[in-house]
Amino acid sequence: CDNKIMSSCWKQLETISQERLFSNNSRLIEIFQIFVDNYEIYNLTFEYDFGSTTLTSASSFLNIEKVLETYSQFATYAFAPTLVSELLISNRQDDADIFTQEIRLGSDGDSLDWTLGIFYRDSEERLRGDSFEQALAGTVVFALTDIEEFRFSKSTAVFGDISYDVSDRVTIGV
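Reference entry: report on the structure contained in this document. Computed from a predicted model, the values in this text were never measured in an experiment. (Residues numbered from 1 in each chain as written. Predicted model: local features only at pLDDT ≥ 70, side-chain atom pairs only at ≥ 80, totals over all residues. Heavy atoms only, no water.)

What follows is about the overall build of the protein chain. Tallying secondary structure elements over the protein chain gives 0 helices and 7 strands in all. When the helices and strands of the protein chain are listed from N to C terminus, the series reads β-β-β-β-β-β-β. Each of the 174 residues in the protein chain was classed as buried or not, and the buried ones make up 20%. For the protein chain, the share of sequence-separated contacts (at least 6 apart) that also reach a separation of at least 24 residues comes to 61%. Accessible surface computed for the protein chain: about 12,000 Å², of which carbon and sulfur atoms make up 57%. (Helix = DSSP H or I, 4+ residues; strand = E, 2+ residues; numbered from the N terminus. Buried < 20%, exposed > 50% of the residue type's maximum accessible area, 1.4 Å probe, protein only. Contact = heavy atoms within 4.5 Å. Areas by Shrake-Rupley, 256 points an atom, 1.4 Å probe, with all protein chains shown as cover.)

Put into structure tokens, the structure is as follows:
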């Protein structure tokens, strides 16, 4: 018997911030952004050898967090013929938790091989975002948005495969 339990874990925590300040055609432009890209992946796989068949169970969990924060400001200088000023502040966050489970039974035959299994996926995603905009060009315009969206998904699949080795070079499968 060759039984195995394997586990793995990956983790990434990354935050990037950047600021740009430049002048273009008598306009002052300032942009500040923060990017966050974090994820965690956990996996546990179990294999049990029955001799002529092997049972495999693989479970995974994935957690994702993404954030984009933006502050931008565009303005003309005081000596410019028309006043142009814009302000944008936005924040977007995406979070997801995803769980998967696969269980399969496969043969270890000489000429006849088969696999039978089931796969399950459960995901929960959340999108949040808000922004504030202001534009001045003789008139004042405000725009304020706030978004929160949830997505839930569950799916199950059954799968199978059978193949027969007619010779060393020919295999027939369904």
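Here the narrative resumes, following the displayed structure.
Working definition: an aromatic ring pair is given by the centre-to-centre distance plus the angle between the planes. The tally for this structure, following the rule as stated, stands at 2 aromatic pairs. Ring centres 4.7 Å apart and planes at 70° place the aromatic pair Y48 and F50 in the edge-to-face group. On the basis of relative accessibility, which here comes to 31%, the residue Y48 falls in the partly exposed class. Ring geometry for F150 against F152: centres 6.4 Å apart, planes inclined by 5°, an arrangement best described as stacked. Relative accessible area serves as the criterion here: at 58%, F152 is assigned to the exposed category. (Phe/Tyr/Trp six-rings, centres within 6.5 Å; stacked < 30°, edge-to-face > 60°.)

It is worth spelling out the pattern of salt bridges at this point. Evaluation of the coordinates by the stated rule reveals 8 salt bridges. Ionic pairing is found between K11 and E40, a salt bridge with its closest N-O pair at 3.8 Å. One end of the pair, K11, is in strand β1 (residues 4-24); the other, E40, is in strand β2 (residues 27-49), with 29 residues separating them in the sequence. Assessed through its relative accessible area of 22%, E40 is described here as partly exposed. In this structure, the salt-bridge partner of R92 is D94, at a minimum N-O distance of 3.2 Å. Of the residues examined, D94 reaches a relative accessible area of 24% and is grouped as partly exposed. Among the charged side chains, a salt-bridge network with shared partners connects D95, R126 and R128. (Salt bridge = Lys/Arg side-chain N within 4 Å of Asp/Glu carboxyl O.)

None of this, on its own, says anything about what the molecule does.
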